[in-house]
Amino acid sequence: MFESLSDGLQSAFKSLSGKGKLTESNMRDGLEIVQKSMLEADVSYSVVQDFMGHVSEKALGKRVLLSLRPHEELVRIVHDELISILGPVDSSLHLKSEGPTVIMLCGLQGSGKTTTCGKLSQLLKEQDIKPMLVAADLQRPAAIEQLHVIGRQLDIPVYSEADNKDPVKVCQNGVAKAKAEGARVVILDTAGRLAIDDELMAELAKIDKKVGPDQVYLVVDGMTGQDAVNSAGAFNDALELDGVVMTKLDGDARGGALLSVKHVTGVPIKFIGTGEHFDALEPFRPEGMASRILQ
Ligand code: GDP
């Protein structure tokens, strides 16, 4: 998934390796290749600027330039900076000890919200926790049925109301039902749109305010590069996000969005989606990701 970023960084490191001691100008050339490869991998400009600021300050310091293997030092510096920009780690769902924990998923249409409801449910089931799903995407006619299909596949209850056009009411009724039935987790599958619009944001903000979910996760499609970053910014402005789930990182996503979205939202990337099946959800691990990028 990170081919272009990995290739770019490798060529930066290669251009410096075997040179032994480096001049500042050698190192600046290498850093320029690092910067170019990040921009080519769809990492947003402000993130690259920040990243390069930290990396350059360390890489151009005397300690690194005078070291015996400066290019290896640069690999280490880039690795550490990737971890810092991708972190912190927090893949906990922060379940409450009493009453149902309400998790609201939001994101653009097609980002993978409904699939992620299934994946999180599977994860919970593996821990012997049975969640309840609430079909609050009243925009897309097939969404309610899609959630019921998932419910049947995973043998978990799905709350929906055929004739209710008010997603806030549906969520409130769903949470009340979950409480009455003693469910420990309720996952709200909210509506998306093909692009950000004010109506969607107002609807989600209203659910957030009136239902008061314990956790609000933004689901973003990692394949959409810069668009993912822009939409993450808009969702982050409208809602109090607690985390991000980035989907479709099994495809040929260029990976840059992963670096940028964390920076833009300031909330942890909790999980990554790596396939269409319910078991294709991984807790996000910055170290593993940084190593994959630098492979
Ligand atoms: P929603 O509109 O946000 O609810 O999106 P859906 O859950 O319906 O997902 C849209 C499409 O993306 C479906 O075809 C899913 O199978 C697919 N999808 C979701 N997550 C992933 C993932 O992590 N990897 C891949 N390859 N496909 C995914």
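Let me sum up the structure you'll find in this document.

Reading guide: rules and limits
- Residues numbered from 1 in each chain as written.
- Predicted model: local features only at pLDDT ≥ 70, side-chain atom pairs only at ≥ 80, totals over all residues.
- Heavy atoms only, no water.
- Near = heavy atom within 4 Å.
- Polar contact = N/O pair within 3.5 Å; in protein donor to acceptor, adjacent residues only side chain to side chain.
- Areas by Shrake-Rupley, 256 points an atom, 1.4 Å probe, with all protein chains shown as cover.
- 1 Å grid on protein atoms, 1.4 Å probe; cavity = no way out; pocket = protein on both sides within 12 Å on 5 of 7 lines; lining within 4 Å.
- Sits in = over half its atoms within 2 Å of the grid points.
- Helix = DSSP H or I, 4+ residues; strand = E, 2+ residues; numbered from the N terminus.
- Buried < 20%, exposed > 50% of the residue type's maximum accessible area, 1.4 Å probe, protein only.
- Axes fitted to C-alpha atoms, helices over the stretch in contact; angles between N-to-C directions.
- Parallel < 35°, antiparallel > 145°, perpendicular 65-115°, else oblique.
- Contact = heavy atoms within 4.5 Å.
- Nonpolar A, V, L, I, M, F, W, Y, C, P; charged D, E, K, R; others polar.
- Pairing = 2+ DSSP bridges.

1. Description of the site of the ligand
- The immediate surroundings of the ligand are formed by 18 residues, with G110, T114, T115, D250 and E276 found nearest.
- Interatomic distance of 2.7 Å between a backbone N/O atom of G110 and an oxygen atom of the ligand.
- The contact in question runs from an oxygen atom of the ligand to an N or O atom on the side chain of E276, over 2.6 Å.
- For the ligand, whose accessible area on its own is 590 Å², the fraction buried by protein is 81%.
- For the ligand, the cavity whose grid points lie within 2 Å of the majority of its atoms is the largest pocket.
- It is helix α6 (residues 113–126) that contributes the most residues to the shell around the ligand, four residues altogether.

2. A look at unusual backbone geometry
- A cis geometry characterises the amide bond from G87 onward to P88, with omega recorded as -5°.
- Residue position: P88 is located in the loop between α5 (70–86) and β1 (101–106).
- Unlike most non-glycine residues, D155 shows phi in positive territory, near 60°.
- Taking the relative accessible area as the measure of exposure, D155 reaches 53% and is therefore exposed.

3. Quick word on the packing of helix α3 (residues 45–59) against helix α11 (residues 256–265)
- The contact between α3 and α11 brings their axes to 9 Å, and the two run at 90°. Relative to α11, α3 is oriented roughly perpendicular. Contact with α3, carried on its side by S46, V47 and D50, involves L259, S260 and H263 of α11 and no other residues of that element.
- Grouping the constituent residues of the contact of α3 with α11 by class yields two nonpolar, three polar and one charged.

4. Here's the deal with the sheet that holds strand β2 (residues 131–136)
- Spatial ordering of the open sheet is given by β3-β2-β4-β1-β5-β6-β7-β8, a layout of eight strands whose pairing is mixed. Looking along the sheet, the strands with just one partner apiece sit at the ends: β3 (158–159) and β8 (281–283).
- Relative to β8, strand β7 (residues 269–273) runs antiparallel, the two sharing three bridges. Pairing of F271 across the sheet is with P283, part of β8.
- In this fold α11 packs onto β5 (215–221), β6 (243–247) and β7, with an angle of close to 160° to the strand it touches most, β6.

5. What about the environment of D189?
- Among the structural elements, D189 can be located in strand β4 (residues 185–190).
- Separated by 131 residues in sequence, D189 and K58 place their C-alpha atoms 44 Å apart.
- Residues in contact with D189, not counting those within four places in the same chain, are K113, T114, C117, V134, A135, A136, D137 and L147.
- Reaching out from D189, the side chain makes a polar contact with the side chain of T114 at a distance of 3.0 Å.

6. Focus on the pairing of β4
- The element β4 is largely enclosed, with a buried count of six among its six residues.
- Summarising the sheet, β1 and β4 pair through five bridges and their orientation is parallel. What sits directly across from M104, in β4, is L188.
- Bridge count for β2 against β4 is six bridges, and the pairing is parallel. Within the sheet, the bridge partner assigned to L133 lies in β4 and is I187.

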